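Listed below, chain by chain, are the residues.
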Amino acid sequence: MQPTFSAPSTSNISVRRGEPLVVIDHVEKHYGDLHVLNDINTVVNRGEVVVVIGPSGSGKSTLCRAINRLETIDSGTIAIDGEVLPEEGKELAQLRADVGMVFQSFNLFAHKTVLENVTLAPIKVKGMKKAEAERLAMELLDRVGVANQAQKMPAQLSGGQQQRVAIARSLAMNPKLILMDEPTSALDPEMINEVLDVMVGLAEQGMTMIVVTHEMGFARKAADRVLFMADGQIVEEATPAEFFSRPKSHRAQDFLSKILAH
């Protein structure tokens, strides 16, 4: 199926499943003299899982946060489902409602129960009735394996449980896309797999995801495509099989030699 809007003509775009959902076109971002995003061009298609990896400071998290304007950009465009991201106002709020975000630090409301954390946005943003929102929330909490924690406060949960609640909360808005920024990096090693299992399940169910992570196992197992970033640029883009077995750039070869040696 052809896209309904023009995609940038760049060499690193390859259309796979479905039509383009996210189109990033010549995006630039500076922090003072630091060039954190340098001419970023890529497309993420519906149902695709794109994993963004690279060394610290390469621009991965900035790119992830720019996709729903938690970070502003200096130039270029980011379009989601054919709509260019507005800078502010109701249109931006509406667009953000279509994009789930899972952070490194969970960001749950400490003074609300698990159930209230998941129902808050559907009730406040979508105008859902409380009973309907609670039914949806319990389904989602069950899906991520923490339904039995619904009446607890976040502080009573382990880090892995809190992150699974955060994933349920993002799913409650029925997003077109979920962004995950280092979702396992704040977790103890034994908790990482329980969150990765939920992420793999979402991938298998066709959720469109952009995931910034250091978890190479997840990239190999669940990604349709790996973007390797360094120095604010997308240096390489490939399938996991291609990237991990035959990285083309010296930068990627050096990165993989260091992380895969451990």
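Residues numbered from 1 in each chain as written. Predicted model: local features only at pLDDT ≥ 70, side-chain atom pairs only at ≥ 80, totals over all residues. Heavy atoms only, no water.

**A short note on the sheet that holds strand 5 (residues 83–84)**
Note: strands within a sheet are paired through backbone hydrogen bonds, in either parallel or antiparallel orientation. The antiparallel open sheet is built from four strands, whose spatial order is 2-1-4-5. The open sheet has two edge strands, strand 2 (34–45) and strand 5, and neither has a second partner. In terms of strand pairing, strand 1 (residues 20–31) meets strand 4 (residues 75–80) through five bridges, oriented antiparallel. Residue pairing in the sheet places V23 in a bridge with A79 of strand 4. (Pairing = 2+ DSSP bridges. Helix = DSSP H or I, 4+ residues; strand = E, 2+ residues; numbered from the N terminus.)

**A few points about the nonpolar core**
Within the largest apolar cluster, 51 residues are counted, with the highest numbers of intra-cluster contacts made by L141, I167, M180, M209, F218 and F243. For this core, the leading source of residues is helix 6 (residues 189–204), giving nine residues. Beyond its immediate chain neighbours, meaning those up to four positions away, M180 contacts C64, V102, I167, M199, L202, M209, I210, V211 and V212. Residues V22, I78, V212 and M229 belong to the second largest nonpolar core, which totals 29 residues. (Core = buried A, V, L, I, M, F, W, Y, C linked by side-chain atoms within 4.5 Å. Buried < 20%, exposed > 50% of the residue type's maximum accessible area, 1.4 Å probe, protein only. Contact = heavy atoms within 4.5 Å.)

**Quick look at the UniProt feature "domain: ABC transporter" (unreviewed entry) in the chain**
If you check UniProt for "domain: ABC transporter" (unreviewed entry), the listed places come out as residues 22–256 in our numbering. Between the C-alpha atoms that bound residues 22–256 there is a distance of 27 Å. The span itself is 38% helix and 26% strand. (UniProt positions renumbered as here; feature names shortened; annotations may be inferred.)

**Overview of the pattern of salt bridges**
The full count for this structure, using the stated rule, is 13 salt bridges. Note that R225 is salt-bridged to E48, the shortest N-O span being 2.9 Å. Of the two residues, R225 is situated in strand 9 (residues 225–230) and E48 in the loop between strand 2 and strand 3 (49–53); the sequence distance between them amounts to 177 residues. Residue classification places R225 among the buried positions, given a relative accessible area of 1%. (Salt bridge = Lys/Arg side-chain N within 4 Å of Asp/Glu carboxyl O.)

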